[in-house]
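# Examination of the molecular architecture
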Amino acid sequence: MQKEHFIGLGVAGNFAGHLEQAGEAADFLQVKTEEAIQPKAIFPFYVPSQTLNPTEQFLATYPLSHDTITFPNDADNLQIEPEVALICAIEYQNNQVVALKPIHFAAYNDCSIRRPNARKICEKKNWGNASKGISETLIPLDHFAQGGILDNYNIACFHKRDGKLNAYGEDSPAVSYSYFHQKLLNWIVDKMNNQPDQGPMNHIAELLKQANYPAKAVISIGATRYTEFGESNFLQVGDTSIVVVYNATQYSHEQIAEMASSEQFPADISALVQTVR
């Protein structure tokens, strides 16, 4: 699956408490939402286009890797962001997005530089090749609705340094996202068409046009809360980041932690193991 031709989008603020832990809640004080639990915005992390304006040209660099995180030159406060990514087909009518059809899901690391004074969310997200991560194991979706396969899955996250493993994110059911299923898709479609270039947000409709209306998208749907360790520890060169999306009706957290320690996972688990270089 050639993800280089997809547009890459992320959802900000779709897990209660994450923005506060990440020190980013203040970025969204001026963003109006219709209900308290509503996500704040969507942001681009990759736009397959060579005609972007100069301030957005960095988004044309493909940032996804399945085994590496490239340490940025200008920051040392780099954090794992464990998420589920949806691989979606995009349907258009008259150059407007009318539907998203999720096809697969996977473990995802929306690895982020904590830049309190960043102008846009996307400026924390793509600093070049291998600045984000998606598992090579894409799990087919039956349907993205209540009772679907993804409802059984949890998101776990670990950090390894010098052989020592720590839980970095809280082990969280996918169904505990604030917006999920069709409600989330409808909200994302609205933002793809109508989100303005305002404050921390980008004008997504213009980016879709610049990318010649791509047929598919990788959409990361929000980072889980950190453990106390994850909230206060940043990545260093040589560390290993591990994000695991697993069926919690088949595996326990303890089993997943053992697999993370050995970095060996069965084929029915979407695992993302990245070394920071």
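Above this text sits the structure in question.
Since the structure is predicted, the reported quantities are computational estimates derived from the model, not experimental observations.

Take the pattern of salt bridges next. Counting across every chain of the model gives ten salt bridges. The salt bridge partner of Arg 114 is Glu 81, with a shortest N-O separation of 2.8 Å. With Arg 114 in the loop between strand 8 (112-113) and strand 9 (132-134) and Glu 81 in the loop between strand 5 (78-79) and strand 6 (82-93), this residue pair connects regions lying 33 residues apart in the sequence. Glu 81 sits in the buried class, given a relative accessible area of 3%. Among the ionic pairs, Glu 123 bridges to Arg 119, the shortest N-O distance being 3.2 Å. Exposure remark for Arg 119: the relative accessible area of 46% places this residue in the partly exposed category.

This part covers the packing of aromatic side chains. Inspection of every chain in the model, using the stated rule, returns ten aromatic pairs. For the ring pair Tyr 46 and Tyr 62, a centre distance of 5.2 Å and an interplane angle of 85 degrees mean the geometry is edge-to-face. Of the two residues, Tyr 46 sits in strand 2 (residues 41-46) while Tyr 62 sits in the loop between strand 2 and strand 3 (64-65), which places them 16 residues apart along the sequence. Its relative accessible area of 6% is what places Tyr 46 among the buried residues.

Another aspect to go through is the pairing of strand 7 (residues 96-109). As a general feature of sheets, a regular strand has side chains that alternate between the two faces. Of all 14 residues in strand 7, ten are buried; the element is thus mostly enclosed. Relative to strand 7, strand 6 runs antiparallel, the two sharing twelve bridges. By the bridge assignment, Leu 86 is partnered in strand 7 with Phe 105. Hairpin connection of strand 6 to strand 7: two residues between the antiparallel strands, including Asn 94 at a positive phi of 55 degrees. Sheet topology places strand 7 next to strand 10 (residues 139-140); two bridges connect them, and they run antiparallel. Residue pairing across strands places His 104 opposite Pro 140, the latter belonging to strand 10. Looking at chain direction, strand 7 and strand 9 are connected through two bridges and run antiparallel. Note on strand 9: the bridge partner recorded for Asn 109 is Gly 133.

Its place among the elements puts Ser 49 in the loop between strand 2 and strand 3. Look at Ser 49 and you get buried, because its relative accessible area is 4%. Only 2.9 Å separates the side chain of Ser 49 from the backbone oxygen of Gln 210, close enough to count as a polar contact. In this view, Ser 49 contacts Gln 57, Ala 60, Gln 210 and Ala 211; residues no more than four positions away in its chain are not counted.

Below, the discussion takes up helix 2 (residues 181-194). For helix 2, which comprises 14 residues, the first-to-last C-alpha distance of 20 Å matches the rise-based estimate of 20 Å (1.5 Å per residue) to within 8%. Taken together, the buried residues of helix 2 touch strand 1 (7-12), strand 2, strand 6, strand 7, helix 3 (204-210) and strand 13 (216-220).

Attention shifts here to the sheet that holds strand 12 (residues 164-173). Strand order in the open sheet made by the five strands is 4-15-14-11-12, with mixed pairing throughout. Among the strands making up the open sheet, the edge pair consists of strand 4 (68-69) and strand 12. Pairing between strand 11 (residues 153-161) and strand 12: seven bridges, direction antiparallel. Note that in strand 12 the partner of Cys 157 across the bridge is Gly 169. In this fold helix 5 (residues 253-262) packs onto strand 11, strand 12 and strand 14 (240-247), with an angle of close to 40 degrees to the strand it touches most, strand 11.

Definitions and limits used
In every chain, residue numbers begin from 1 and rise along the written sequence. It should be noted that, the model being predicted, local features are given only for residues of pLDDT at least 70 and side-chain atom pairs only at 80 or more, the latter also being counted only at that level, while totals for whole chains, interfaces and linings use all residues. Only hydrogens and water are set aside; all other atoms, that is, all heavy atoms of the structure, feed into the side-chain values. Salt bridge, as applied in this entry: a Lys or Arg side-chain nitrogen positioned within 4 Å of an Asp or Glu carboxyl oxygen. A run of H or I in DSSP counts as a helix once it spans at least four residues, and a run of E counts as a strand once it spans at least two, with each numbered from the N terminus. Each residue gets one of three labels from its accessible area relative to the maximum for its type: buried under 20%, exposed over 50%, partly exposed in between, using a 1.4 Å probe on protein chains only. Each aromatic pair joins two rings of Phe, Tyr and Trp (for Trp, the six-membered one) with centres within 6.5 Å, and gets the label stacked for planes under 30 degrees apart, edge-to-face for over 60, and tilted for any other angle. A strand pair is defined by DSSP finding two or more bridges across the two strands. We call two N or O atoms a polar contact when they sit within 3.5 Å, provided that within protein one can donate a hydrogen and the other can accept it, with sequence-adjacent residues counted only if both atoms are side-chain atoms. We call two residues contacting when some pair of their heavy atoms lies within 4.5 Å. The span you would expect from a helix comes to 1.5 Å times its residue count less one. Axis geometry follows a simple rule: fit a line to the C-alpha atoms, using only the stretch in contact for helices, then measure angles between N-to-C directions, giving values from 0 to 180 degrees.

Function cannot be read off these values alone, since they describe shape.
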